[in-house]
Amino acid sequence: MKYTYKFITLPVQIGAKQSKHPNHPSYQDVINEHARQGWRFVQLLIECPAAVPTEYVLVFEQPLERLEHDAQEGSKPA
């Protein structure tokens, strides 16, 4: 089976410290929303330049057949 992958980058929030991007959703919200759209959560990576976590990279996968089917029905994946 062939898959397609999607990578979503979100800023890291540490403790009570406010994110530089307060309008960004939490990684939990992003995972749940993509699951509702048929994406399978694969992995969360933490980008750490200079040993300071700055971004989460969420990795999702979906069978390629599903994307082709959705495209035929006029539905566009996020």
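Student: Would you mind showing me how to read the sheet that holds strand β2 (residues 40–47) here?
Tutor: For sheets, the rule is that strands pair by backbone hydrogen bonds, running either parallel or antiparallel. Strand order in this open sheet of 3 strands is β1-β3-β2, and the pairing throughout is antiparallel. Either end of the sheet is taken by a strand with one partner, and the two such strands are β1 (3–11) and β2. Adjacent strand axes in the sheet meet at a mean angle of 20° when their direction is disregarded. Across 9 bridges, β1 lies against strand β3 (residues 55–63) in antiparallel orientation. Bridged to T9 within β3 is V57.

Student: Even after reading the chapter, I still don't get the confidence of the model for the protein chain, so can you show me in this structure?
Tutor: In low-pLDDT segments, the atomic positions of the prediction should not be examined closely. When pLDDT is averaged along the protein chain, the result is 81; 77% of the residues meet or exceed 70. The element-level mean pLDDT for the protein chain is lowest in helix α2 (residues 64–72), coming to 73, with helix α1 (residues 27–36) highest at 94.

Conventions we followed
Residues numbered from 1 in each chain as written. Predicted model: local features only at pLDDT ≥ 70, side-chain atom pairs only at ≥ 80, totals over all residues. Heavy atoms only, no water. Pairing = 2+ DSSP bridges. Helix = DSSP H or I, 4+ residues; strand = E, 2+ residues; numbered from the N terminus. Axes fitted to C-alpha atoms, helices over the stretch in contact; angles between N-to-C directions. pLDDT = per-residue confidence, 0-100.

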